[in-house]
Amino acid sequence: MDAKKTSSKAETVPHHPAQDAYKVTALVLQGGGALGAYQAGVYQALAESGLHPNWIAGISIGALNAAIIAGNAPEHRVERLTEFWETICKSALWPTATGFPWMESMSVPSVLREGVSMFSAWRAITEGQQGFFQPRMPPPVLQWHGTPATSSWYDTAPLRETLERLADFDRINHPSCVRVSVGAVNVRTGNFAYFDNRHDTLRPEHFMASGALPPGFPAVEIDGEYYWDGGMVSNTPLYKVLTERPHRDALIFQVDLWSAVGALPRDMGSVAERSKDIQYSSRTRLVTEYMHQSREQQRLLHQLMDLVPEDKRDNPAFRRAERYANGALTNLIHLIYRDKPYEGHYKDYEFSAATMHEHWQSGLTDMRHTLSHPQWLEPPTPDNPFVTHDVHRALNFNNQDHA
């Protein structure tokens, strides 16, 4: 099927009954470069179970995954995600090179795997990735009169071609399409901005801007303004989804690629890795806990307003309170990618096929584990309107019990 052709036929896909209890089913995708294959595995598990988001919000690689998902019919999304990741996990200079396929079929000592992973990251830096980015020639240090669009170490023009080939932007912008929101930062003002297909006509550059992390990638021009990677300000679009009005009952799958919690660093390499984890984790759990408290207060205000007599509801104070009250129920399913022993500070630009497949499988396994607990998908009660289920907290708790 050509991704540029939107099928007019009825699409027969599995449907999960739990989704009927919510007005919004959202997939929230954090940025994290090569780690984004984990999100693709998570989506595959959701699709297998018949859970299809009607809102996808992404930052950086999360925005690129969002483009592929939203830009294809449900029955073709996993296929297109697979093609996307198989494409960008090849060298831009030597795309026919097979890499190290034996790593996927045998047990490899961790020290050897670490060395191979470092080599793969070095190749990404020196050679670029097919259909994604390539070293800029001449390098920016040799440019006398550069522009915001050329002031970077890499050229991302190949990414535009990949997005246009694998995503149907007519579908993305069709009124019946799932809602799509991607975040970026205005280079001139420093302000964070969301591009949303409910208000904007999304083009490849909106998704490219969300992932334009300097100094590696160039700023992307959109309507006369230049934008960088949204992760520079906020690497997760969770707050966008949670604060949207009007408030509606929502089932939210938050898929993070960086963990705020980690081991103390013991060397300079682990210092670099830990600092990245903290910088890009965006304190998702802190936002979640804050929103939990806020939602309880909003729900209480909503209940109190029900006690106000009808003849008193024209009061200006009541009208102001209406803007803050919230009777919606929110169920947040939180998954966080867990680092592999061989990974280091270069894990977000280690694009080897073997590692990509491992990331994908991790996301698939984690989401299947989550879905094996059907009670986690049940709507919250009015007395507890905001609930969170964290697959890794559950796994850690169980491991402690068995220790």
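About the cut-offs
- Residues numbered from 1 in each chain as written.
- Predicted model: local features only at pLDDT ≥ 70, side-chain atom pairs only at ≥ 80, totals over all residues.
- Heavy atoms only, no water.
- Helix = DSSP H or I, 4+ residues; strand = E, 2+ residues; numbered from the N terminus.
- Salt bridge = Lys/Arg side-chain N within 4 Å of Asp/Glu carboxyl O.
- Buried < 20%, exposed > 50% of the residue type's maximum accessible area, 1.4 Å probe, protein only.
- Contact = heavy atoms within 4.5 Å.

Chemist: It is not clear to me how unusual backbone geometry should be interpreted in this structure. Could you clarify?
Modeler: The general pattern is negative phi for most residues beyond glycine and trans for most peptide bonds. At the junction of P214 and P215, the peptide bond is cis and its omega measures out at -5° in the coordinates. Relative to the helices and strands, P215 is located in the loop between α7 (204-210) and β7 (220-222). For S60, which is not glycine, the phi torsion reads 60° and is therefore positive. Following the sequence through the fold, S60 ends up in the loop between β2 (55-59) and α2 (61-70). A positive phi angle, near 50°, is found at D223, a position not held by glycine. Structurally, D223 can be placed in the loop between β7 and β8 (225-229).

Chemist: What is the right way to look at the pattern of salt bridges in this model?
Modeler: Any two side chains of opposite charge can pair, given that their charged atoms come close. Scanning the entire structure with this criterion turns up 22 salt bridges. Ionic pairing is found between E244 and R179, a salt bridge with its closest N-O pair at 3.1 Å. Here the residue E244 occupies a position in the loop between α8 (238-242) and β9 (250-256), and R179 occupies one in strand β5 (residues 179-186), the gap between them amounting to 65 residues. You can call R179 buried: its relative accessible area is 8%. The partner of D314 in a salt bridge is R319, with the nearest N and O atoms 3.0 Å apart.

Chemist: Got a minute to help me understand the environment of A260 in this structure?
Modeler: Examined against the element boundaries, A260 turns out to sit in the loop between β9 and α9 (268-281). Residue class for A260 comes out partly exposed when judged on its relative accessible area of 26%. In the structure, A260 is positioned 146 residues away from E114 in sequence and 23 Å away in space, judged by C-alpha atoms. The residues contacting A260, other than those within four sequence positions of it, are R274, I278, S281 and R283.

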